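Chains, contacts and geometry: an overview
Chain residues, written in single-letter form:
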Amino acid sequence: MNKNIVVLENHIKDSPELGNKVKNTAILSREGIRVPRSIGLKYDMYVEQMKDMIPHIKDIIVKTDDYSVMAEEIYDFIVNESFKYAEDVSNAIVEYMPNAKYFAVRSSGAPFVKGKELIEDSSGVSLAGQYESYLEVPVEHISKAIMCCYASLFSERVLRAFDVKNDLAYLDSRMSVLIQEMFSSDLCAVVMTKDPVELEEVFGIEITYGACEALVSGKVQGDLFLLNRRNGGILDRQIGSKSFCMNLKPFDGNAADNVIITETPDYEKSMFSASQEIISKIFDIGMKIENIFGTPQDIELVVFNNDIGVVQTRPITARSS
């Protein structure tokens with residue numbers, strides 16, 4: 001197998017070359033938390049793929065003043081190049097995730113800013129949401145999704161945020177990629193094991209129907225549960241509007257939105273989406289994850305047939321700051 005591809009059980013050992021998104025998933029698996037089967041693509045795979053492309057990207061940045069035009073030109077250049085390691089990645093998927101049909105392809109950026117490399121999903125570094133991930137990707141479009149992830153290192157939002165026009169050292173940035181088997185989901189939840197908004201010791205859950213994109217994007221207001229961190233008792237709960245449900249159609253090889261939006265039936269809007277049993281299970285899993293990492297966590301998870309699967313976790317400061 002290509003040396004820059006790592007299977008889940010080896011993620012922790014190789015984590016310096018994979019980024020925290022991949023490392024955290026491996027730690028959860030080792031500790032008995034249900035996570036998707038996955039492989040990681042090291043930073044070095046990005047470097048090898050991009051080394052002959054970076055000079056042209058530099059030329060685009062130097063000659064272009066408008067960040068919108070710059071980002072579009074760089075994106076088109078990157079995603080229209082062939083992924084050199086397509087066969088290696090495809091073989092690893094067949095070997096380590098047999099029978100998996102759809103995948104999540106998640107970026108984990110390490111931008112080089114003002115002479116310093118920053119690591120996404122590390123404590124105190126707020127990079128969550130800066131780089132793109134692609135969901136419900138069939139195996140035949142994995143390579144295109146990887147190249148789209150790489151291109152997101154140069155999105156307009158990122159170019160502006162890091163003022164890349166005036167800091168060409170950003171071209172030394174790197175990216176690792178996590179490829180996960182997609183979990184089916186009846187419900188999705190975002191969990192703050194210590195709610196950063198509340199003054200008291202509160203465990204927060206926002207939960208709704210469908211895919212996690214609904215909550216992560218902020219487009220859907222889910223049901224809110226506030227629990228006592230000491231014993232899991234419910235302190236408060238509020239029915240969210242849950243005005244619509246977001247699910248996913250297969251990624252077709254371009255970065256266009258593949259979200260399917262359907263209106264939530266009135267009877268589902270008027271009731272809590274999750275039972276007390278599910279809320280209690282989420283609390284137990286959330287506190288276990290916090291104990292594993294030793295710090296409050298921001299967790300994304302899904303529920304399918306009453307089974308809970310954790311998609312990713314990060315220190316709360318990585319998003320809330």
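Residues numbered from 1 in each chain as written. Predicted model: local features only at pLDDT ≥ 70, side-chain atom pairs only at ≥ 80, totals over all residues. Heavy atoms only, no water.

With respect to the overall build of the protein chain
- Counting its regular elements, the protein chain contains 11 helices and 15 strands.
- Since a compact globule built from 321 residues should have a radius of gyration of about 20 Å, the 20 Å found for the protein chain is in line with a globular shape.
- Counting only C-alpha atoms and orienting by the principal axes, one finds that the protein chain spans roughly 55 × 40 × 40 Å.
- Looking at the protein chain residue by residue over its 321 residues, the buried ones come to 53%.
- The long-range fraction of contacts in the protein chain, counting pairs at least 24 apart against all pairs at least 6 apart in sequence, stands at 69%. (Helix = DSSP H or I, 4+ residues; strand = E, 2+ residues; numbered from the N terminus. Rg over C-alpha atoms; globule rule 2.2 N^0.38 Å. Buried < 20%, exposed > 50% of the residue type's maximum accessible area, 1.4 Å probe, protein only. Contact = heavy atoms within 4.5 Å.)

Examining helix 2 (residues 43-50)
- Within helix 2 the residues assigned to the buried category are Tyr43, Met45, Tyr46, Gln49 and Met50. Taken down its axis, helix 2 places every buried residue within 160° of arc, on the same side. (Arc of directions from axis to C-beta.)

Looking at the sheet that holds strand 14 (residues 297-304)
- Here 6 strands make up an open sheet; going across it, the order is 11-10-9-8-14-15 and the pairing antiparallel. Of all the strands in the sheet, the pair left with one neighbour each is strand 11 (234-238) and strand 15 (307-315). Adjacent strand axes in the sheet meet at a mean angle of 15° when their direction is disregarded.
- One ladder, built from 6 bridges, connects strand 9 (residues 202-209) with strand 10 (residues 223-228); its direction is antiparallel. When the sheet's bridge partners are listed, isoleucine 207 is paired in strand 10 with aspartate 223.
- Along the sheet face, helix 10 (residues 276-293) touches strand 8 (187-192), strand 9, strand 10, strand 11, strand 14 and strand 15 and points at about 40° away from the line of strand 15. (Pairing = 2+ DSSP bridges. Axes fitted to C-alpha atoms, helices over the stretch in contact; angles between N-to-C directions.)

A word on the nonpolar core
- Counting 52 residues, the largest nonpolar core has Ile57, Ile78, Val89, Tyr150, Phe154 and Ile179 as the members making the most contacts within it.
- With 8 residues, helix 6 (residues 142-151) is the largest single contributor of residues to this core.
- Ile205, Ile282, Met287 and Ile308 belong to the second largest nonpolar core, which has 27 residues in total. (Core = buried A, V, L, I, M, F, W, Y, C linked by side-chain atoms within 4.5 Å.)

Quick word on the packing of helix 3 (residues 54-63) against helix 4 (residues 67-79)
- Their axes nearest at 10 Å, the elements helix 3 and helix 4 cross at an angle of 165°. For the element pair helix 3 / helix 4, the angle class is roughly antiparallel. In this structure, helix 3 meets helix 4 at a crossing whose hand is right-handed. The segment helix 3 lies against helix 4, with His56, Ile57, Ile60, Ile61 and Lys63 engaging Met70, Glu73, Ile74, Phe77 and Ile78.
- Among the residues forming the contact of helix 3 with helix 4, the class breakdown is 7 nonpolar, 1 polar and 2 charged. (Parallel < 35°, antiparallel > 145°, perpendicular 65-115°, else oblique. Left-handed = near helix turned anticlockwise from the far one by under 90°. Nonpolar A, V, L, I, M, F, W, Y, C, P; charged D, E, K, R; others polar.)

Notes on the sheet that holds strand 3 (residues 102-110)
- Read across the open sheet, the 5 strands follow the order 1-2-7-3-6; overall the sheet is antiparallel. Each having just a single partner strand, strand 1 (5-7) and strand 6 (133-138) make up the two edges of the open sheet. Going across the sheet, the axis of each strand differs from the next one's by a mean of 20°, ignoring polarity.
- As judged from the 4 bridges shared by strand 2 (residues 38-41) and strand 7 (residues 174-181), these two strands associate in the antiparallel manner. Among the inter-strand pairings, leucine 41 is bridged to a residue of strand 7, identified as valine 177.
- Sheet strands touched by helix 1 (residues 20-30): strand 2, strand 3, strand 6 and strand 7. Its angle to strand 7, the strand with the most contacts, is close to 35°.
- The strands touched by helix 5 (residues 86-96) are strand 1, strand 2, strand 3 and strand 7; relative to strand 2, the strand with the most contacts, the crossing angle is about 155°.

A few points about the packing of helix 4 against helix 6
- Two elements in contact, helix 4 and helix 6, have axes separated by 9 Å at closest approach and are oriented at 150°. As the angle between them shows, helix 4 and helix 6 are arranged roughly antiparallel. For the crossing formed where helix 4 meets helix 6, the hand is right-handed. Contacts between helix 4 and helix 6 pair Tyr75, Ile78 and Val79 from the former with Lys144, Met147, Cys148, Tyr150 and Ala151 from the latter.
- Residue composition of the contact of helix 4 with helix 6, grouped by class: 7 nonpolar, no polar and 1 charged.

Thoughts on helix 4
- The end-to-end C-alpha distance of helix 4, which contains 13 residues, comes to 18 Å, matching closely the 18 Å that a straight helix rising 1.5 Å per residue would cover.
- Three or more residues of helix 4 are buried, namely Tyr67, Met70, Ala71, Ile74, Phe77, Ile78 and Val79.
- Against the buried residues of helix 4 lie helix 2, helix 3, helix 6 and helix 7 (156-161).
- Its side-chain oxygen 2.8 Å from the backbone nitrogen of serine 68, aspartate 66 forms the N-cap of helix 4. (Expected span 1.5 Å × (residues − 1). Polar contact = N/O pair within 3.5 Å; in protein donor to acceptor, adjacent residues only side chain to side chain.)

So, the confidence of the model for the protein chain
- Residue-level pLDDT values for the protein chain average 90, and 91% of them are 70 or greater.
- Taking the mean pLDDT of every element in the protein chain, the minimum, 49, falls on helix 11 (residues 317-320) and the maximum, 98, on helix 3. (pLDDT = per-residue confidence, 0-100.)

Details of the pairing of strand 7
- Within strand 7, 7 of the 8 residues are buried, which leaves the element mostly enclosed by the surrounding structure.
- The sheet contact formed by strand 3 and strand 7 spans 8 bridges and is antiparallel. Paired with alanine 110 across the two strands is arginine 174, which belongs to strand 7.

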